[in-house]
Amino acid sequence: MRVGTGYDVHRLTEGRDLIIGGVKIPYDKGLLGHSDADVLLHAIMDALLGAAALGDIGKHFPDTDEAYRGISSVELLKRVGRMLDDGQYIVENIDATIIAQQPKMRPYIDDMRSNIAGALGIEVSQVNVKATTEEGLGFTGSGEGISAQAVCIISPLRELASYPVGGNCEGCPGCPGAAGGTV
């Protein structure tokens, strides 16, 4: 099992769409950035890349490369998913938090979870997204920007393959093998 964390922040500005979790959210400002500036997906990508010891999104998708100007972060998340597949990692779960004073995120969270799961080829039940405000404090509380944090767990396939399948094992607590059953 490997754990990764990610964090991203972008300034709010006029004249841009607000895209978070791959969802276009109606709002009078959007996030400033080279790509679509999706803070949630950027934090998730950094968490996944970090867990796999593959660097960060700046290494793989630099903001100095015109190929990534305006690109959908959902597309970038799919690419990170392929990197994990190539490294033979399985995404166990993702837990992420959006930090924004406005707009309210709750109406969009289910669509965000679906977009994340779809991009990575995992179940929606493996993705949790929540949102909070900072009670008017700091740059997010004053409405200057939006940030996101994410944590993930991934597992190398080779670790999963070391467990006996269909046989008895010593098992972990709660595992059927621990009670003399089959795994």
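Look a little higher up for the structure.
Now for a quick tour of the structure. Source: prediction; values computed, not measured.

**Structural notes on the sheet that holds strand 7 (residues 145–156)**
Next up, step 1: On the basis of which strands lie adjacent, the open sheet formed by five strands has the order 4-1-7-5-6 and mixed pairing. In this open sheet, the two strands that pair with only one neighbour each are strand 4 (30–31) and strand 6 (127–132).
Next up, step 2: Along the sheet face, helix 1 (residues 39–51) touches strand 1 (2–13), strand 4, strand 5 (89–99), strand 6 and strand 7 and points at about 155° away from the line of strand 1.

**Some remarks on the side chain of T97**
Next up, step 1: By secondary structure assignment, the location of T97 is in strand 5.
Next up, step 2: In this structure T97 comes out as buried when scored by relative accessible area, which is 17%.
Next up, step 3: Those residues in contact with T97 that lie beyond four places of it in its chain are K130, T132, S147, A148 and Q149.

**Notes on the nonpolar core**
Next up, step 1: Formed by 48 residues in total, the largest nonpolar core has its most connected members in I20, L40, I44, L48, M112, I116 and I146.
Next up, step 2: When residues of this core are traced back to their parent elements, those giving at least two are strand 2 (18–20), strand 3 (23–25), helix 1, helix 3 (73–86), strand 5, helix 4 (109–120), strand 6 and strand 7.
Next up, step 3: The leading source of residues in this core is helix 1, at 10 residues.
Next up, step 4: Look past the residues within four positions of L40 in its chain and what remains in contact with it is I20, G21, A96, I98, M112, I116, V129 and A148.

**A short note on the pairing of strand 7**
When a strand is regular, its side chains alternate between the sheet's two faces.
Next up, step 1: The element strand 7 is extensively covered by neighbouring structure, given that nine of its 12 residues are classed as buried.
Next up, step 2: As defined by bridge partners, strand 1 adjoins strand 7 across 10 bridges and the pair is classed as antiparallel. Looking at strand 7, one finds that G4 is bridged to C152.

**Topic: a nonpolar patch on the surface**
Next up, step 1: A cluster of nonpolar side chains, contributed by M1, V3 and V151, occupies part of the molecular surface with about 280 Å² of accessible area.
Next up, step 2: A relative accessible area of 31% means that V151 is categorised as partly exposed.

**Remarks on the pairing of strand 1**
Next up, step 1: Taken together, the two bridges between strand 1 and strand 4 define a ladder with antiparallel strand orientation. Bridging from a neighbouring strand, T13 pairs with G30 of strand 4.

**Section: helix 1**
Next up, step 1: With 13 residues, helix 1 should reach 18 Å at 1.5 Å per residue; the first-to-last C-alpha distance of 18 Å fits that figure.
Next up, step 2: Within helix 1, 12 of the 13 residues are buried, leaving the element largely enclosed by the surrounding structure.
Next up, step 3: Here helix 1 has its buried residues at V39, L40, L41, H42, A43, I44, M45, D46, A47, L48, L49 and A51.
Next up, step 4: Looking one or two residues beyond helix 1, the residue adopting positive phi is A53, at roughly 55°.

**Quick look at the pattern of salt bridges**
Next up, step 1: Evaluation of the coordinates by the stated rule reveals six salt bridges.
Next up, step 2: A salt bridge links K130 to D95; the nearest nitrogen and oxygen atoms lie 2.6 Å apart. A residue pair is termed long-range when its members are at least 10 positions apart, and K130 in strand 6 and D95 in strand 5 qualify at 35 residues.
Next up, step 3: A relative accessible area of 32% means that K130 is categorised as partly exposed.

What counts as what
Residues numbered from 1 in each chain as written. Predicted model: local features only at pLDDT ≥ 70, side-chain atom pairs only at ≥ 80, totals over all residues. Heavy atoms only, no water. Pairing = 2+ DSSP bridges. Helix = DSSP H or I, 4+ residues; strand = E, 2+ residues; numbered from the N terminus. Contact = heavy atoms within 4.5 Å. Axes fitted to C-alpha atoms, helices over the stretch in contact; angles between N-to-C directions. Buried < 20%, exposed > 50% of the residue type's maximum accessible area, 1.4 Å probe, protein only. Core = buried A, V, L, I, M, F, W, Y, C linked by side-chain atoms within 4.5 Å. Patch = residues over 30% accessible without salt bridge, like charges linked within 9 Å, V, L, I, M, F, W, Y side chains within 5 Å. Areas by Shrake-Rupley, 256 points an atom, 1.4 Å probe, with all protein chains shown as cover. Salt bridge = Lys/Arg side-chain N within 4 Å of Asp/Glu carboxyl O. Expected span 1.5 Å × (residues − 1).

Such coordinate-based values are descriptive only and should not be taken to indicate function.
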